[in-house]
Structures are given as C-alpha cells and as structure tokens.
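Close look at the chain arrangement
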Amino acid sequence: SNKELMHVGIHSKMDEIEVELKKQYASIVVNRLIKEGRPHKVIVETADELNCDSIVIGSNGEAGLEKIVGSTASRVITGANVPVIVVKSSPKRSNYNKVVLPIDLTKETKQKVNMAIHLAQKFNSEIHVIAEIEGDAFLRNKINANMRQVESILTKNNVKWVSKITDEKNFPGNIGDDTIKYSNDVDADLIMIMTQQETGFTELFLGSYAQQIINGSNVPVMCINPKE
C-alpha cells in the first residue's frame, strides 16, 4: 500500500541521516520515531513528550514572507514550548562559537539572556550583545542601561561577551537588516530572537522582526517564545 511504501521511504532516508551523523560524531545516539498527524502538531507534542531542549527545523523562506508564514516551520515556531532553531543552509561549524543576542526594552530579554548563558556554558560560546539605538535621549539611556545590565549578568556567569550599539552611522538599515549585517560581519553561528507576537494577528503570525530575521539570515536562528 501507499502507506507501507511511505514508511520504507522514510526509513531509508533516516538510515542516510544516521550514517551521516555517526560519520561526523562517533558518540552520537540517534533515536527514531515515525508519527502520523499534522506535522506542526506532532513536532510540538513530541518535543514536549520527550522533554527535548530544542527543535531544529528547516526553512524554505526564499519567496519572501508568504513562504514561511503559514508553513509548518512558522506553526512550529509559534506553538513550541522550547526554543526552535531554524536552519536554512547547512551550518559552517558544528559549534555555537559566536552567538548574536539582540536586546531591546521588552521584559522578555531576561528570558533570552538566560538561554544565552545556558548555551555559552555548554558550547563555550562568545555572546555578541547588540542593540539598536534610536529615538530620544531617554530611550537611549534606557537601552544603554539594559546593555550594561546584560553585560554584568554575563560576566557574573563567566560568559565571554562583546557588545555593540548599532546606530545610523555604521548600520543604516532597520533593526532586522542590522542584525543580519552584524551577524555576517562577525561570522556568527547563531542569532537568538524572541518571537514576540504583535497583537491583532492570528496566532500564526510571527512578529515582523522575527519574520525578517528568519527570512533574511543564512545563519541559524533560535526562536524563543515568551513565557508568561
């Protein structure tokens, strides 16, 4: 039957992936699972059931925003209870040497910083804290104060960090373009973003900044949903 053929096809694809992984990482343990259902639902449920740290998913976001919004990737990102790493092309390295951490004035930044510390301690990463400064002096001071606070938290946790303010002079784009440009400049391995959802849209709608980063970046992007 069709279903049996499909299972055979899936198993042989899994064989290939397993061989490839073991070639690169001899000690890796590969578990296999085939489930039926709507892909995004099954992926999110499985991550919860198995108590996974994260979900890794491919994105085919070439055709602008429409391609990723409404796709399985988009639904997984907005529905997941763990960080989702969106990978477009195959990463240059198998380590997160340099992680870009854009910060702003939202309270969720704290959650993202904790995740960055967790990654840095595991992979000995260098965290690149970046912030866009525009607006009046009050906002500038607030962003600067946030930056200092994040730096001191990273220092306290023995995490290597670099910080950079992207302003109009050296980064003329909007914050999404600037994040991507900075990541390319430093040859980053990962960009960490929160998927703040803008109000008034369906739950499938990712914040426009998140969409822009996912669509525009060739570097893997870790998407974290704000927790209550």
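Check the entry above for the structure.
Attention in this report is confined to the structure presented alongside it. (Residues numbered from 1 in each chain as written. Predicted model: local features only at pLDDT ≥ 70, side-chain atom pairs only at ≥ 80, totals over all residues. Heavy atoms only, no water.)

**Examining the packing of helix H7 (residues 175-186) against helix H8 (residues 208-216)**
- Two elements in contact, H7 and H8, have axes separated by 9 Å at closest approach and are oriented at 35°. Remark: the crossing between H7 and H8 carries right-handed chirality. Taken together, the residues of H8 that come into contact with H7 (itself represented by Ile175, Gly176, Asp177, Thr179 and Ile180) are Tyr209, Gln212, Ile213 and Gly216.
- Taken together, the residues of the contact of H7 with H8 break down into 4 nonpolar, 4 polar and 1 charged. (Axes fitted to C-alpha atoms, helices over the stretch in contact; angles between N-to-C directions. Helix = DSSP H or I, 4+ residues; strand = E, 2+ residues; numbered from the N terminus. Left-handed = near helix turned anticlockwise from the far one by under 90°. Contact = heavy atoms within 4.5 Å. Nonpolar A, V, L, I, M, F, W, Y, C, P; charged D, E, K, R; others polar.)

**Some remarks on the pairing of strand E4 (residues 126-132)**
- With 6 of 7 residues buried, E4 is to be regarded as a mostly interior element.
- Where strand E3 (residues 98-102) and E4 come together, 5 bridges link them in parallel fashion. Among the inter-strand pairings, valine 100 is bridged to a residue of E4, identified as histidine 128.
- Here 7 bridges tie E4 to strand E5 (residues 160-166), and the two strands are oriented parallel to one another. From the neighbouring strand, histidine 128 faces E5, where its bridge partner is valine 162.
- For the crossover that starts at E4, traverses helix H6 (residues 137-156) and ends in the parallel E5, the hand is right-handed. (Buried < 20%, exposed > 50% of the residue type's maximum accessible area, 1.4 Å probe, protein only. Pairing = 2+ DSSP bridges. Right-handed = clockwise from strand over helix to strand, strands pointing away.)

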